[in-house]
Structure formats: structure tokens, C-alpha cells
Amino acid sequence: MLFTGISGTALLQAAAALGALVVVFYILKLKRRPIAVPFSPLWQRILRDKDATTLFSQLKRLLSLLLQLALLALMLLALGDPRPAVTVETGRHIVVLMDASASMGAIDVPQLPSGSVSNAPSGSVSNGPAGRPRTRLDEGREQLRQALRGLSGTDRMLIAQMDAAVTPLSTMTGEVSELEHALELVKSSDVRAEFAPALRFALDSLRGLPNPEILIVSDGSLGEAIDGHGALELGDVKLTYLPVGEGSRNVAITGFSVRRYPLDKSRYEVLLEIANTNDAPAAVDVELFGDGKLSDVVRLQLGAKETVSRTYRDLGGADRTLEARVKLIGMQDELPVDDHAFALLPERRRARVQVVTKGNMYLEAALLLDEYLEVVTVAPAAYPASGEFDVTIFDGVAPPRAKDSGDVLYLAPPTDEHTPFKLGRAVKSDKGMPLGFDELDDKHPIVRHLSLGEVNVSAARPLESTDKKDARVGKTLKGDTLLLAGRRKGHKFVALGFELEKSDLPLRIAWPLFLMNVIGDFVEEDASYLGSYRTGAVWNIP
């Protein structure tokens, strides 16, 4: 015999402690209190009758104690749940992986009549709380609930939720009530299911147990069973798949993002991507909301398996949030969870900019284009100005950087004594080798969406990096760096290796945009396009 409940050692310890406690209480109950009473010879006859029944009274007290100890032993034995060793060894150990990904919210399963109750525990309605439609997850719960009724007395089961992570919701137990409670804890999420980590968890949970089995309740498309440690091997573990759902009538928002315009941050544009997963064309209504107010409605025609992108340009009126909604026309969308999406507009805040210059109209005029810049101009001899700044622009000067100067933009520094880079020998443009940005890292944020290839420079001093992590953003045909970006001691810097007056850069629209890009990169307000996170992915935000 084996104890399948509480272990034998624990039972012996509990029996010793509780048995001693019962005996102590029993003895205390039999202890008589002395009471003084008047004496009369009449009492002698009563005492003689009592002596005749003493042996019988002692037997009754002993039987009472044995009865109490027997009841205690039976209760402890029930907690131990003894079973024949052969029977126990043949029981199954099952780990159930319940898919709780976004697709399990689809409603392509049989819907029960309004008010009907399934075989769920008392009080639960199959069609969901508040009359919501019945989902694939509800169908999976119902099928697994029926499987619970088929468990034998020696079977053990553990239920875990599988989405972006794996979450065990019960112990490895044979108690049906605990398992049914775990089923009710499974909630559909808005992410995809990570199958490989969940399968590894199940294999680790079954390691060393007899008759191991894994039951997967899912709508499919779980991917390969490969994680960072390689492919997973089942070995002697039995794998069973319980499918739920099979429909495909769905339209989904697969991309939704927003960016502010660099020179007018009160205006913005939006990119919306919609996919039709149906095998037939579909019509959808698309609604766009800004800060909760409807701003646009349009009807689109999508081909079978088609994905379309729609750009909303020059929008205004919203300051914080955008929401998009799609509605399938003429048929029911079987996965409504992906019919709406949200985007957050980049925060608009005033950046404090300190300009250290002897006077530069090109620079000062370009900074007037952004109303969200608070610009303080100081002469080189008056640097630093009082207060704390996000950005400092050194125009033709390169003093030691003060404490509250923020990130620094160097324009044609005359010396490299206090700069985070070195200056090379002066070079000039000639007919055979004109100076300009012949090589440009157009992926760097400070030059994104700029056209600098036609900029002409008459004279410059190349910038020599002192750190291999620095970005040589713009180079000449000979490889001399004219635009350098990097970071020192937690602060960013950007350097331009020529004077504005010795180039035609200030005459181009690229000049003010370059300044806005640099300041935006310094204050971490990305004015460029903000790509949306892919639906169903989990992102860790510091």
C-alpha cells in the first residue's frame, strides 16, 4: 500500500501529536473536583453501591478513549489516501497547456441559446458573463471539463495557461474541484502563445513521473518546438492535441502608428495597416478617433488575403491618444479583439536651448521655426547662462562644457582642446575634388529624411573620432568626416566640421530640418516616423 495523499512519515508525526493531545484532554475531563458536603451514615450505603460498579465504569471510560483514538486514526488514514501500490503506479500524470493567446477570443464556435447554462460549475454561463459571445477559450474549457470527468482515481493533472509566458494554475492533483477552479482562472490575453517555453515547462514538470502525458488545448498555429536550448525532445511523453475553432472570417488592424511633423508639432500623420484573412473579398468601415472624438470614417474594399495601408496626412485636434476601429460589413467578424488599435502621440514639451555664438543669423532664424524651443543666446564670454538646458549649441567656439549644458552641438569648432574629438588639417574644395557629403549614413536619426548629397562646402576641418562607438555620419569622397555624432559620460554630441558661411547648407531646407533632428535626438523626441509594435508581441519598457 502507498499513501497517495499525505505521506506516511507526516501521518505518523500527526498521529503521535494528536493522540497525545486526545489522551491529555481525556484525563483532564475525568479529574474530579473535591466538594465538601454534610455527612450522614446514609452515604455509606450509596458508596457501597458505587464500589460494586467501579469495574464497569472503568471499562466504559477505557472504551470511550479507544473510540476517540479510533476516530482520529480513521481521519488521518483518510488524509493519507492509501491505495494498492500496483494501482498507484499505473495512474497517469497529465500537464494541460491551455492556449490563451489572442486568437482564442474568436467566436467561431457553437453559440448556446440565450440564458442556457453549460455543464460548467454552478453559476457559470457558457455564453460568457454579461451575455458576451462564446469564444474558443470557452469551448476549450468545456471540452477539458468533460475530460476531467474521465479521470480515474489515480490520475493526476496540472493545468497551465499558455500565452507570452506559461503560468501554472493548479498543482499536480487528482482533485476535480481544484482543477475546475483552475479552468475558470484561464483568461484570454492579447498576445501570441509561446509554445516552446510552455512545452519545456510541461516536460520539466513530468520529469521522473510515471505515465507522463501532455494535453494541448489550442486553435493551432503554435509554431515549432524550438527555444534557445534547441529542439525539444518528447521522449516517452505522450502528446495529445485537442483542437478548438476552425473559422477564418476576420479583418484585423496589423499596424497603427503616428508621427508629428518636425516643424509643426501640433500636426501629425498616421499610418494604418489592415489585413483581410478571408478567402473572399470583404468590405470594411474604418473609423479614426483622436482623444476619443471621431475624426474620420471611410469604407474600404479588400481583396482575398489582402493587406492595405492607408496614410492620414496633416491631421490635428488630438494631443495624446489615437484609436482606430474596423468593422466587417455583411458578415460577422470571428475575432473582434483585433478590430481596434491605439497609438500614443509623442509628448510635446519645450526644450531649453542655449546658443553660444558671436552672432549667426542663419542659426538664430532656423531656431525660430519651432515654437516648442525656448532659446537663450549668450556671447562666448558670458557662457554658461544661468539655468539648466537640454541642448547647447557652440557656434564657432569650443569652451569647456559646463555642468548644466545638456547635450552639445558643435558648429565649426576652432580648437579641439575641450572637445570630445580631434580636428584634422584644413581642406579646401577644388574643381577636381569638391567638398561635400559624398557618403552619408541616412539611417542615423540626425539626417533622416534629409537630402545632403548636393551640399557644397568651400573649406572644412575634418573631424577625427576618439571612440570607436562614434558615428561618422557624413564623409567626403576621400573619407574625411564632416559630420560626427557620439556620446561621452552620458551626454550626446554632434559636430559639423565647417562654417555655415563657407557652404550653401543654410540656403537649403535641409538646414532647419537638420537642427530639428539634432535637437529632437538630444531630447529623445523622435520626429521621424514611429513604427508601431507588432500585434501580439511583448515589449519590456524600461
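Right above here is the structure, for reference.
What counts, and where the lines are drawn
Residues numbered from 1 in each chain as written. Predicted model: local features only at pLDDT ≥ 70, side-chain atom pairs only at ≥ 80, totals over all residues. Heavy atoms only, no water. Helix = DSSP H or I, 4+ residues; strand = E, 2+ residues; numbered from the N terminus. Buried < 20%, exposed > 50% of the residue type's maximum accessible area, 1.4 Å probe, protein only. Contact = heavy atoms within 4.5 Å. Areas by Shrake-Rupley, 256 points an atom, 1.4 Å probe, with all protein chains shown as cover. Expected span 1.5 Å × (residues − 1). Pairing = 2+ DSSP bridges. Salt bridge = Lys/Arg side-chain N within 4 Å of Asp/Glu carboxyl O. Phe/Tyr/Trp six-rings, centres within 6.5 Å; stacked < 30°, edge-to-face > 60°. Lys NZ or Arg CZ within 6 Å of the ring centre and 35° of its normal. Arc of directions from axis to C-beta. Polar contact = N/O pair within 3.5 Å; in protein donor to acceptor, adjacent residues only side chain to side chain.

Would you mind going over the overall build of the chain with me for this structure?
Helices and strands together make up the secondary structure of the chain, namely nine helices and 28 strands. Across the 542 residues of the chain, 43% fall into the buried class. Taking all contacts inside the chain whose residues are at least 6 apart in sequence as the whole, residues at least 24 apart take part in 68%. Accessible surface computed for the chain: about 30,100 Å², of which carbon and sulfur atoms make up 56%.

Even after reading the chapter, I still don't get helix H9 (residues 510-522), so can you show me in this structure?
Structural remark: α-helix, 3.6 residues per turn; residues separated by three or four positions point the same way. With 13 residues, H9 should cover 18 Å at 1.5 Å per step; its first-to-last C-alpha distance of 18 Å lies within 8% of that length. For H9, the tally of buried residues reaches 13 of 13 residues, placing the bulk of the element in the interior.

What is the right way to read the sheet that holds strand S27 (residues 481-488) from this model?
Across a sheet, strands are paired by hydrogen bonds formed along the backbone, either parallel or antiparallel in direction. With mixed pairing, eight strands are arranged side by side in an open sheet as S18-S17-S19-S20-S28-S27-S26-S23. The strands lining the two open edges of the sheet, one partner per strand, are strand S18 (373-378) and strand S23 (439-440).

Would you take a moment to explain the pattern of salt bridges for this structure?
Pairs can form between side chains of opposite charge once their charged atoms are near each other. This model, assessed by the stated rule, comprises 22 salt bridges. By sharing partners, the salt bridges in this structure join Arg92, Asp155 and Glu213 into a single network.

So what exactly am I meant to see when it comes to the packing of aromatic side chains here?
The way to describe two aromatic rings as a pair is by their centre distance and the angle between their planes. Counting across every chain of the model gives six aromatic pairs. With a centroid separation of 5.2 Å and 80° between ring planes, the pair formed by Tyr383 and Phe394 is classed as edge-to-face. Of the two residues, Tyr383 sits in the loop between S18 and strand S19 (391-395) while Phe394 sits in strand S19, which places them eleven residues apart along the sequence. The exposure class of Tyr383 is buried, given its relative accessible area of 12%. Ring centres of Phe394 and Tyr410 lie 5.6 Å apart, and the angle between their planes is 40°; this geometry places the pair in the tilted category. Here Phe394, found in strand S19, pairs with Tyr410, found in strand S20 (residues 407-411); they are 16 residues apart in sequence, far enough to count as distant. Each member of the pair, Phe394 together with Tyr410, is buried. Taken together, Tyr383, Phe394, Tyr410, Phe421 and Phe493 form an aromatic cluster joined through their ring pairs. Geometry around Tyr312 places Arg310 over its ring, the cationic atom sitting 4.9 Å from the centre.

Where do I start with the environment of Lys358 in this structure?
On the secondary structure map, Lys358 appears in the loop between strand S17 (351-356) and helix H8 (361-367). Judged by relative accessible area, which is 75%, Lys358 ranks as exposed. Considered as a pair, Lys358 and Phe394 are 36 residues apart in the sequence and their alpha carbons are 9.9 Å apart. If near-sequence neighbours (up to four positions away) are discounted, Lys358 is found in contact with Pro380 and Val397.

How do you make sense of helix H7 (residues 195-206) when you look at a structure like this?
Between its first and last C-alpha atoms H7 spans 17 Å; for twelve residues at 1.5 Å apiece the expected length is 16 Å, and the two agree. For H7, the complete set of buried residues consists of Phe195, Ala196, Ala198, Leu199, Ala202, Leu203 and Leu206. For H7, the arc enclosing every buried residue in end-on projection is 165°, short of the 170-degree limit, so these residues lie on one face. Contact partners of the buried residues in H7: strand S3 (93-99), strand S4 (156-162), strand S5 (166-168), strand S6 (212-218) and strand S7 (226-227). With its phi angle positive at about 85°, Gly208 sits one or two positions after the end of H7.

Got a minute to help me understand the pairing of strand S28 (residues 491-496) in this structure?
For a regular strand, the rule is simple: side chains alternate between the two faces of the sheet. Within S28, five of the six residues are buried, which leaves it mostly tucked inside the rest of the structure. Of the pairings in the sheet, the one linking S20 to S28 comprises four bridges and is parallel in character. Residue Leu409 lies in a different strand from S28, and its bridge partner there is Val494. As paired elements, S27 and S28 share six bridges and run antiparallel to each other. Bridged to Gly486 within S28 is Phe493.

In this structure, what is going on with the side chain of Arg134? I would like to understand it.
Take Arg134: it is sitting in the loop between S3 and helix H5 (136-148). In terms of polar contacts, Arg134 uses its side chain to reach the side chain of Glu139, at 2.7 Å.

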